[in-house]
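Here is what each chain is made of, one letter per residue.
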Amino acid sequence: MRSVLGQPSVAAGRVYIGVDTGMVYALDANIGCQLWSYKADAGVRSAITVAPFTNQRQAAYFGDLKANVYAVNATTGELIWKVHVDDHPSARITGAPKVFEGRVYVPVASGEEGAGGNANYACCTFRGSVVALYLETGKQIWKTYTIAEAPKQVGKNSNGVLRWAPAGGGVWNSPTLDARHRALYIGTGDAYTSPAPDTTDSIMAMDLDSGKILWSIQDTQDDTWLAGCTGAKLPENCPAKVGPDHDFGASPILITLPDGRSLLIAGQKSGNVWAHDPDKKGAVVWKTALVANTTEFGGKIIWGGAADAQNAYFGLGTGGIAAVQLRDGEKQWFTPLQPAPAMASHTGEDGPLSAIPGIVFSGGWDGVLRALSTTNGSVVWGYNTVQDYQTVNGVAGKGGSMGAPGPIVVGGMLFAPSGYIGVKNGMPGNVLLAFSIQ
C-alpha cells in the first residue's frame with residue numbers, strides 16, 4: 001500500500017481504518033494488534049462508521065471507490081451485506097456513511113471530473129446523490145440526486161462522441177444529521193457541464209425520511225470545472241468558461257450557540273467559511289475569507305475543520321491554520337505553517353482537523369503532525385512522521401504525507417494516519433501512529 005485513505009475511527013477499544021488496497025483493519029486501540037481484516041473490491045477512502053446492527057451486534061459500515069457500501073460484523077470482520085449504490089462507472093464513496101434510527105445514509109461522489117481532456121469520453125453523465133439504506137439489509141429506501149434533471153444529449157465532439165448535460169454535484173463529505181429538523185445536510189461539488197445547476201457548490205438539506213430536498217443555498221455560481229481544461233485551446237469536453245473548482249469537500253459543522261441558535265459552518269475550497277441558518281432555510285448569516293483571493297482556483301479548504309464552543313478551525317492548502325469566531329465569523333488568528341526547505345513542494349494542511357479543549361491538531365502534506373493553541377494559534381508541539389518505524393505487526397513501516405485523513409483524539413490517545421499520495425505528489429506511507437500523554 002502507498003496511502004492510508006480513510007480517517008481512523010475508534011469504538012469499544014478498537015481502531016478501524018481503510019487503505020488504498022481495499023483492506024479494512026480492526027486494531028486493538030491500546031497495543032495496535034490486528035484483530036481482523038476485510039478486503040473490499042476497491043480502495044476504502046471513507047471513515048468506518050461503527051453502530052449497532054442488532055441488540056447483540058455492532059457493525060462497521062463503509063464505502064469503497066467503486067460505489068459499494070458494506071456492513072461487516074465489527075467484532076469478527078464477517079460480511080453482513082454489500083450493496084452497489086450507483087451504476088455510473090466513475091461513482092465512488094468518499095464520505096463516511098451515517099447511521100441513524102435504523103438507516104444508513106451514504107454520500108456518492110465521482111471521478112468523472114477528471115475526463116475534461118479526453119475527447120473520446122462521452123462527457124458528462126454523473127450526478128451526485130445521497131442514498132438511504134435499511135441498516136439490517138442494505139436495501140435502498142430512497143435516493144436523491146443533487147441535480148434533479150437527468151443528463152440528456154446536448155451535442156457531439158468533432159469525432160462523433162456524444163456530449164451530455166447536466167452533470168456534477170458530487171457529495172464528497174459525510175452527511176451531517178439534525179434530529180431536531182429531521183434533516184441531513186451536505187455540501188455539494190462543482191458542475192461538470194454548463195450551465196452549472198443552482199444546486200452545485202451548495203449547502204443542501206434533505207428530509208431524513210423521504211430524501212426530499214428541503215432547501216439548497218448556492219454559495220458559488222457558474223462553477224463548471226473539469227481536470228485537463230487548461231491552456232489556450234481547451235479540449236472539446238471543456239466548458240467555454242472554466243470555473244474555479246470551489247466544491248464543498250468538507251462536511252458542514254452543526255453547532256448550537258449559547259443563545260440557542262443553530263448554525264451550519266461550512267469551509268469551501270475557495271477559502272471562504274460560511275455560516276448558514278438551518279432554522280431559516282439555510283440563509284447566510286456570515287461569510288469570512290481566510291485567504292486574500294477567494295476567486296482563483298480552489299484548494300484552500302479541502303477536507304474539513306473542527307469546532308469548539310467559541311471558534312471553528314480550518315487548515316489551508318496554501319499553508320496554515322485559521323480560527324474564526326462562531327457567533328459572527330470574526331477571524332481570531334491565523335498561523336502560517338510552511339515546511340522545511342527540503343519539503344518545500346509539500347505545503348498545505350488539507351486534511352481534517354481535530355480539536356480538544358485548548359488544542360487543535362493538524363497533519364500536513366510535509367508529514368508533520370502539529371498541535372496548536374486554540375487561544376492564539378501558537379504551535380505547542382510537533383512530530384515529523386516521515387521516518388521508518390518498527391511496527392507492531394512486523395511489516396516495514398514508513399510515514400509520509402497527511403493529505404486527506406487527519407488525526408483524531410479518543411480516550412486520551414491521539415491517532416494519526418501517515419502516508420498519502422493524492423493530487424499534490426504526496427509522499428507515500430503505510431502507518432497508523434498512536435500517541436499518548438503518558
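Preceding block: the structure.
In what follows, the accompanying structure is described. (Residues numbered from 1 in each chain as written. Predicted model: local features only at pLDDT ≥ 70, side-chain atom pairs only at ≥ 80, totals over all residues. Heavy atoms only, no water.)

## Let's talk about the pairing of strand 17 (residues 183-187)
Here is step 1 of the chain: When you tally the buried positions in strand 17, you get five out of five residues, the bulk of the element.
Here is step 2 of the chain: The two faces of strand 17 match: Ala 183, Tyr 185 and Gly 187 on one face and Leu 184 and Ile 186 on the other face are all buried.
Here is step 3 of the chain: Here three bridges tie strand 16 (residues 176-178) to strand 17, and the two strands are oriented antiparallel to one another. Paired with Asp 178 across the two strands is Ala 183, which belongs to strand 17.
Here is step 4 of the chain: In textbook terms, the turn of a hairpin is the stretch between consecutive antiparallel strands, and for strand 16 and strand 17 this stretch comprises four residues, one of which, Arg 182, has a positive phi near 50 degrees.
Here is step 5 of the chain: Taken together, the five bridges between strand 17 and strand 18 (residues 202-207) define a ladder with antiparallel strand orientation. Following the sheet pairing, Leu 184 is matched in strand 18 by Met 206. (Buried < 20%, exposed > 50% of the residue type's maximum accessible area, 1.4 Å probe, protein only. Helix = DSSP H or I, 4+ residues; strand = E, 2+ residues; numbered from the N terminus. Pairing = 2+ DSSP bridges.)

## Observations regarding the side chain of Asp 245
Here is step 1 of the chain: In this structure, Asp 245 sits in the loop between strand 19 (213-218) and strand 20 (253-256).
Here is step 2 of the chain: Judged by its relative accessible area of 3%, Asp 245 is buried.
Here is step 3 of the chain: Not counting residues within four places of it along the chain, the set of residues in contact with Asp 245 comprises Asp 190, Asp 223, Trp 225, Lys 269, Phe 297 and Gly 298. (Contact = heavy atoms within 4.5 Å.)

## As for the pattern of salt bridges
Here is step 1 of the chain: Under the defined criterion, the tally for this structure stands at 14 salt bridges.
Here is step 2 of the chain: One salt bridge connects Lys 82 with Asp 41, and the closest N-O pair in it is separated by 2.5 Å. Within this pair, whereas Lys 82 is found in strand 8 (residues 79-84), its partner Asp 41 is found in the loop between strand 4 (34-39) and strand 5 (49-52), the two being separated by 41 residues in sequence.
Here is step 3 of the chain: For Asp 41, a relative accessible area of 40% corresponds to the partly exposed category.
Here is step 4 of the chain: Two residues, Asp 247 and Lys 269, come together in a salt bridge whose shortest N-O distance is 3.6 Å. Pair noted here: Asp 247 is in the loop between strand 19 and strand 20 and Lys 269 is in the loop between strand 21 (262-267) and strand 22 (272-277), with a separation of 22 residues, a long-range link.
Here is step 5 of the chain: With relative accessibility at 2%, the residue Asp 247 sits in the buried group. (Salt bridge = Lys/Arg side-chain N within 4 Å of Asp/Glu carboxyl O.)

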